[in-house]
Amino acid sequence: MNGPGRRPQTTIFTTMSALAQRHDAVNLGQGFPDESGPAHIIEAAATAMREGRNQYPPLAGIPELRQAITAHQQHWYGLAPDPDEGVTVTAGATEAITAAMLALVDPGDEVIALEPSYDSYKAAVTMAGGTLVPVRLDAPAFRLDTARLAAAVTERTKVLLINSPHNPTGTVLHRAELEAIAALAVERDLLVVTDEVYEHLVFDGREHVPLASLPGMWDRTVSIGSAGKTFSVTGWKIGWATGPADLIARVKDVKQWLSFASGTPFQYGIATALASGEEFYRDYIAGYQERRDLMVAGLRGIGFDVYEPEGTYFVTTSVAPFGYEDGMRFCLELPERCGVVAIPTQVFYLGEQEARPEVRFAFCKQLEVIEEGLKRLGAGLA
Ligand SMILES: *Cc1c(COP(=O)(O)O)cnc(C)c1O
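Cut-off values and rules
Starting from 1, residues in each chain are numbered consecutively following that chain's sequence as written. In keeping with the model being predicted, local features are shown solely for residues with a pLDDT of at least 70 and side-chain atom pairs are shown and tallied solely at 80 or more, while totals for entire chains, interfaces and linings include all residues. The side-chain figures draw on all heavy atoms in the structure; neither hydrogens nor water molecules are used. Summary of the burial criterion: residues with accessible area below 20% of their type's maximum are buried, those above 50% are exposed, and those between are partly exposed, where the area comes from a 1.4 Å probe applied to protein chains only. Elements are defined by DSSP. Helices are runs of H or I of four residues or more, strands are runs of E of two residues or more, and each kind is numbered from the N terminus. We call two residues in contact whenever any of their non-hydrogen atoms come within 4.5 Å of each other. Two strands make a pair as long as DSSP finds a minimum of two bridges between them. Each nonpolar core is a collection of buried residues, namely Ala, Val, Leu, Ile, Met, Phe, Trp, Tyr and Cys, held together in the definition by side-chain atoms within 4.5 Å. Polar contacts here mean pairs of N or O atoms no more than 3.5 Å apart (in protein, one a potential hydrogen donor and the other a potential acceptor; neighbouring residues in sequence count only if both atoms are side-chain atoms). Note on geometry: axes are lines fitted to C-alpha atoms, helical ones only across the stretch in contact, with angles between N-to-C directions running from 0 to 180 degrees.

(A) Spotlight on helix H10 (residues 264-274). By the criterion of burial, H10 is predominantly enclosed, with nine of the eleven residues buried. Contacts from the buried residues of H10 go to helix H2 (39-50), helix H3 (63-77), strand S2 (87-91), helix H8 (227-230), strand S8 (238-242) and helix H11 (278-302).

Okay, here's the thing in structure tokens:
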């Protein structure tokens, strides 16, 4: 964290976006879609705005959205959070994660998360006075070693913070892995917070199984979702936390002193979005699967070692075949060398300085953009 009087650290995304601009590069770094979002969702938010729904929403979110979140969880997972007591809308999943950590973690507590991990986890746990304890997913398969997870639990462990589908590796936890996590949580009486922002982005007919749906888990789990990735509207920052009333009450207690509430017209848009028929979700997955296949095949053809993702819109590669042991150096050179931006995976590790050969590419881009990026990589790395 940055103390008073210190300059805020620039994130890798800021550095890379500046390089992208300077070299007019194809940005396959940051994970936001380069499209404007589905028309029926945009229209629902615009209509809400025109109808004058522009003032503060309730702390927990508008009832229409809370009901839509419950209906969505019921439809896909058979879960039934109480729309009044068991659902709270947040300023993106990011606020839900931070509020959950501040609500559930006391100074000195430990929170276990899969590593590499999304960059806000460490900040959120640190703000709560806790310590993030990483459990590594190792290349090439990036599977969860459940014995390693169990060994990381100590007397101080309070929360398991589990992200699946997993950014950046693309791992989707299998049912056996989820059952092992659930058994551990029950045995050691741990709370679980799940980051499921890529719940609809699972490929090859796989299924996303929320931990909260496993036996013994509902009462101890806060599940976090977001509209940004699923509906290609990352700038709206509408997320949510669902779970048992007592845990959600604690999250809301914190959230009221963070944003309090936000995004009234966007909440109406997402209430409409969540009610999209199954066909919408099928098309969404099919569109991304096509792009994943293009990206994976293209990168393999150029000579990258590619770890094919089971979910999310990221693909992790190794740049060792190009003679690099340091993905950071590769990524810093890439915009000038090829006119492409990618993200070194080492920024998703606690020991951020340690050089690693993995590099992450995002494929939440138009097919032509991916094709252009691949063409440039092929030419520049040849
Ligand atoms: C994008 C992302 C988030 C943040 O979601 P917002 O709704 O934009 O705040 C959280 N977790 C993971 C793993 C992400 O990739």
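(B) Up close: the sheet that holds strand S13 (residues 358-362). Here four strands make up an open sheet; going across it, the order is S9-S10-S13-S12 and the pairing antiparallel. Across the chains shown, the open sheet's two edge strands, defined by having one partner strand only, are strand S9 (305-307) and strand S12 (343-344). Here S12 pairs with S13 via two bridges, running antiparallel. Residue Pro344 lies in a different strand from S13, and its bridge partner there is Val359.

(C) Looking closely at the pairing of S8. For S8, a buried count of five out of five residues is recorded, marking the element as mostly surrounded by other parts of the structure. Residues Ile238, Trp240 and Thr242 of S8 are buried on one face, and the alternating residues Gly239 and Ala241, pointing to the opposite face, are buried as well. Two elements, strand S7 (residues 221-226) and S8, share four bridges in a ladder whose sense is antiparallel. Of the residues in S8, the one forming a bridge with Ser226 is Gly239.

(D) Representation of the nonpolar core within the structure. In terms of nonpolar packing, the biggest core is built from 71 residues, with Phe304, Phe330 and Phe361 touching the most fellow members. For this core, the element with the most residues is helix H4 (residues 92-104), which contributes eight residues. Excluding residues that lie within four positions of it along the chain, Phe361 makes contacts with Leu28, Met295, Leu299, Phe304, Tyr313, Phe314, Val315, Thr317, Val340, Ala342 and Leu377. Of all hydrophobic cores here, the second largest spans 25 residues; its members include Leu114, Leu160, Leu173 and Leu190.

(E) Layout of the side chain of Thr312. You can see Thr312 is positioned in the loop between S9 and strand S10 (314-318). A polar contact of 3.2 Å, which involves the side chain of Thr312, links it to the backbone nitrogen of Phe314.

(F) Up close: the sheet that holds S2. What the seven strands build is an open sheet, ordered S2-S8-S7-S6-S5-S3-S4; its pairing is mixed. A strand with exactly one partner marks an edge of an open sheet, and here the two such strands are S2 and strand S4 (131-136). Averaged over all pairs of adjacent strands, the angle between their axes in this sheet comes to 25°, without regard to strand direction. Summarising the sheet, strand S3 (residues 110-115) and S4 pair through six bridges and their orientation is parallel. Within S4, the position partnered with Leu114 by the bridge is Val135.

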